[in-house]
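Understanding the architecture of this molecule
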Amino acid sequence: MIVVEDNTGLPNANAYIDVAFLDSYASQVGYDLSGKSETDKENAIVRTTLQYIDVEYEFLGEALNADQALQLPTSEVLINDKIRRAVADATIAEMKGELFITYNPLGNIKSTKDKQDVLEIEIEYHDNSSTYQASFGKTPTTDKLLKPYLATSGGLFQRWAQ
């Protein structure tokens, strides 16, 4: 069940936006969500909030309440439309399969052998399925929208960009 943070520091919040905001943002940027169910959208919003926004970014200020579930709101940052747009943008990336990326750097080929006449080629890769790595996809719009509210990157990225 989705519980949207209302800028009071809820102890049970698991989302920064609701489905209505996601639908509105998606429509504005030309992404069609009509094939997605309400549950799919809610799940994507919760995953993006808990496993991406609150993990990948560190916001300015201190939590409003010691028992609040999410990073925001803080003493310096309230959830506003820029932050909501950033979350919606990342949620769309998640729904397109572009946010959470898992791959196996060693490949899955155990062995192949090709032989033509006297020419022989053999390739063997370790099937090491336990070495899967996960990473986040690129979300430049999300990054730029959140940049003014971040504790760790605001000054550094601004200096590097000049």
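Residues numbered from 1 in each chain as written. Predicted model: local features only at pLDDT ≥ 70, side-chain atom pairs only at ≥ 80, totals over all residues. Heavy atoms only, no water.

Glancing now at the pattern of salt bridges. Enumeration over the complete set of coordinates arrives at four salt bridges. Between E94 and R47 there is a salt bridge whose closest N-O contact spans 2.9 Å. With a gap of 47 residues between them, E94 in helix α3 (residues 81-95) and R47 in helix α2 (residues 38-56) connect regions that are remote in the sequence. Given the relative accessible area of 13%, E94 is considered buried. When its relative accessible area of 33% is taken as the criterion, R47 is described as partly exposed. Here K96 ties to E98 by a salt bridge, and the two come within 3.8 Å at their closest N and O atoms. Overall, E98 belongs to the partly exposed group, its relative accessible area being 41%. (Salt bridge = Lys/Arg side-chain N within 4 Å of Asp/Glu carboxyl O. Helix = DSSP H or I, 4+ residues; strand = E, 2+ residues; numbered from the N terminus. Buried < 20%, exposed > 50% of the residue type's maximum accessible area, 1.4 Å probe, protein only.)

This paragraph deals with the confidence of the model for the chain. It should be kept in mind that the predicted coordinates are not to be read in detail where pLDDT is low. Confidence in the prediction of the chain, expressed as mean pLDDT, is 83, and 71% of residues score 70 or more. Here helix α5 (residues 154-161) stands out as the element of the chain with the lowest mean pLDDT, 37, in contrast to helix α1 (residues 19-28), whose mean of 97 is the highest. Throughout residues 153-162 the model reports pLDDT below 50, and contacts reaching past four residues in sequence, or to other chains, amount to three contacts. (pLDDT = per-residue confidence, 0-100. Contact = heavy atoms within 4.5 Å.)

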